Amino acid sequence: MKAIVQERFGPPDILRLAETDRPGIDAAGQVLVRVRAAALNPYDWHMMRGDPYVARLSGGVGLTRPKSRVAGVDAAGQVEAVGADVRGLRPGDEVLGFCVGSFAEYARTTADLLVPKPANLTFEQAAAVPMGAVTALRGIRTVGRTRPGQRVLVNGAAGGVGTFAVQIAAALGAEVTGVCGTHNVELVRSLGAAHVVDHTREDFTDARARYDVILDNVGNRPLSRLRRTLTPTGTLVANGGGSPGRVFGAVGALLHVSAVDAVVRQRLRPILPAAPAGPTREDLLAVTALIEAGTLTPVVDRSYALADAAEGVRHVERGHARGKAVITVA
């Protein structure tokens, strides 16, 4: 069995017999997590089945068939068992992090992809954190290099990444403008946005205002118009490119951003959603520190039972989620 345990075997047997999904990591370096809640992400189903096709070249999806037949990446739960080489975790610890195949009762991962769950969060709130909060942190702080006093615009401010991004940018001292639909205006304002643009009534790329940093989580505006909305030395962080598609999907739009960046003065930087890569533990610790300080709060749209996961996936992929939607695992 690959990333998930769907029956109750004894934890030592699971860790001894399980195959690893991460090269160079054997069972002794793995952690078995009893999943209490898992977050739904927009491209969960597409990535599991290998859409867009170009994603298969990364090696994480599988060239001819999915490596994992169970969806889900974000999870919160309790440590069930640890391998012999794992330090700093023990059974019973409450954690959050990245666990491939988290739409189930158990999932395997490694200690570097887990951090302690803040005591002030429920499991459902904690499951909403990993992908959304780390992507927002990287987009606003690491890639966007946001500084106090700068003008920052977040397109898709009411979504899973956007709700975190607005809060992080405000915490860094930026003047934040959030773009969202009519029914989310008050939510985005409550998260710390100084200004809110209702995209059903006005176009934020009409050049009435210019921004030092734009985090685009939607990909619904031409690059030329986004650049016109930046200051001459501003930074565009592209975290969206429209539909997942079948061949290139959002990847094609992000490659276009990289190509234009080479010939303009503005900084145009694509950022892929935070998967288990890069300084993951450090970023997870950074966002949980903000949560414990009361600076960052997950927004949970709705919860689904595990048996209703398919309906949850449909809800998220229709683009209707407000913050994050999660699955509760009994």
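## Some points on the overall build of the protein chain
Across its full length, the protein chain holds ten helices and 14 strands. Taken over 330 residues, the protein chain has a buried fraction of 52%. Long-range pairs, those at least 24 residues apart, make up 65% of the contacts in the protein chain with a sequence separation of at least 6. For the protein chain, the exposed area adds up to about 14,600 Å²; of that, 54% sits on carbon and sulfur atoms.

## Observations regarding the pattern of salt bridges
Following the criterion strictly, the structure yields eleven salt bridges and no others. Glutamate 94 is the salt-bridge partner of lysine 117, the closest N and O atoms lying 3.5 Å from each other. Taken together, the residues lysine 117 in the loop between strand 6 (114-116) and helix 3 (123-127) and glutamate 94 in strand 4 (residues 94-98) connect sequence positions 23 residues apart. Overall, the relative accessible area of 12% leaves lysine 117 in the buried class. Note that aspartate 283 is salt-bridged to arginine 138, the shortest N-O span being 2.7 Å. In this pair, aspartate 283 sits in helix 9 (residues 280-292) while arginine 138 sits in helix 4 (residues 130-143), placing the two residues 145 residues apart along the sequence. Across this residue pair, the class does not change: aspartate 283 and arginine 138 are buried. Overlapping salt bridges, with partners in common, bring together Asp203, Arg221 and Arg225 in one network.

## A closer look at the packing of helix 4 against helix 5 (residues 162-171)
As a packed pair, helix 4 and helix 5 sit with axes 8 Å apart at the nearest point and diverge in direction by 45°. By the angle between their directions, the pair helix 4 and helix 5 is classed as oblique. The interaxial crossing formed by helix 4 with helix 5 has right-handed handedness. On the side of helix 4, the interface is formed by Gly132, Ala133, Ala136, Leu137 and Ile140, while helix 5 contributes Phe164, Ala165, Ile168 and Ala169. Taken together, the residues of the contact of helix 4 with helix 5 break down into eight nonpolar, one polar and no charged.

## Quick word on the packing of aromatic side chains
Scanning the model with the defined rule gives zero aromatic pairs in all. A cation sits over an aromatic face here: arginine 34 above tyrosine 106, 5.6 Å from the ring centre. When the ring centre of phenylalanine 123 is taken as reference, the NZ or CZ atom of lysine 117 above it lies at 5.1 Å.

## As for the confidence of the model for the protein chain
Do not read the predicted coordinates in detail wherever pLDDT is low. Mean pLDDT for the protein chain: 84, with 78% of residues reaching 70 or above. Across residues 1-24, where pLDDT falls below 50, the model places 50 contacts with residues more than four positions away in sequence or in other chains.

## A closer look at helix 9
Turn by turn, an α-helix covers 3.6 residues, leaving residues three or four places apart pointing in a common direction. Relative to the 18 Å expected for 13 residues at 1.5 Å per residue, helix 9 spans 18 Å between its end C-alpha atoms, a close match to the ideal helical length. Every buried residue of helix 9 is accounted for by Thr280, Asp283, Leu284, Ala286, Val287, Thr288 and Ile291. Where helix 9 is buried, its residues meet strand 4, strand 6 and helix 4. A positive backbone phi angle near 85° is found at glycine 294, which sits one or two residues after helix 9.

## Focus: the environment of glycine 294
Looking at the element boundaries, glycine 294 is found in the loop between helix 9 and strand 13 (300-305). Separated by 174 residues in the primary sequence, glycine 294 and asparagine 120 place their C-alpha atoms 9.1 Å from one another.

## Here's the deal with the environment of leucine 191
Topologically, leucine 191 is positioned in the loop between helix 6 (185-190) and strand 9 (195-198). Take leucine 191: its relative accessible area is 13%, and that puts it in the buried class. A sequence separation of 104 residues divides leucine 191 from threonine 295, and the C-alpha atoms of the two residues are 9.8 Å apart. When neighbours within four sequence positions are excluded, leucine 191 is seen to be in contact with Thr163, Val166, Gln167 and Val299.

## Considering helix 10 (residues 309-317)
Residues of helix 10 that are buried: Ala309, Gly312, Val313, His315 and Val316. Viewed along the axis of helix 10, the buried residues span an arc of 160°, placing them on a single side of the element. Looking one or two residues beyond helix 10, the residue adopting positive phi is glycine 319, at roughly 80°.

## Side note on the environment of histidine 315
Structurally, histidine 315 is set in helix 10. The class for histidine 315 is buried, based on a relative accessible area of 4%. Along the sequence, histidine 315 and alanine 325 sit ten residues apart, while their C-alpha atoms lie 8.6 Å from each other. A distance of 2.8 Å separates a polar atom in the side chain of histidine 315 from a polar atom in the side chain of aspartate 301.

Scoring rules and cut-offs
Residues numbered from 1 in each chain as written. Predicted model: local features only at pLDDT ≥ 70, side-chain atom pairs only at ≥ 80, totals over all residues. Heavy atoms only, no water. Helix = DSSP H or I, 4+ residues; strand = E, 2+ residues; numbered from the N terminus. Buried < 20%, exposed > 50% of the residue type's maximum accessible area, 1.4 Å probe, protein only. Contact = heavy atoms within 4.5 Å. Areas by Shrake-Rupley, 256 points an atom, 1.4 Å probe, with all protein chains shown as cover. Salt bridge = Lys/Arg side-chain N within 4 Å of Asp/Glu carboxyl O. Axes fitted to C-alpha atoms, helices over the stretch in contact; angles between N-to-C directions. Parallel < 35°, antiparallel > 145°, perpendicular 65-115°, else oblique. Left-handed = near helix turned anticlockwise from the far one by under 90°. Nonpolar A, V, L, I, M, F, W, Y, C, P; charged D, E, K, R; others polar. Phe/Tyr/Trp six-rings, centres within 6.5 Å; stacked < 30°, edge-to-face > 60°. Lys NZ or Arg CZ within 6 Å of the ring centre and 35° of its normal. pLDDT = per-residue confidence, 0-100. Expected span 1.5 Å × (residues − 1). Arc of directions from axis to C-beta. Polar contact = N/O pair within 3.5 Å; in protein donor to acceptor, adjacent residues only side chain to side chain.

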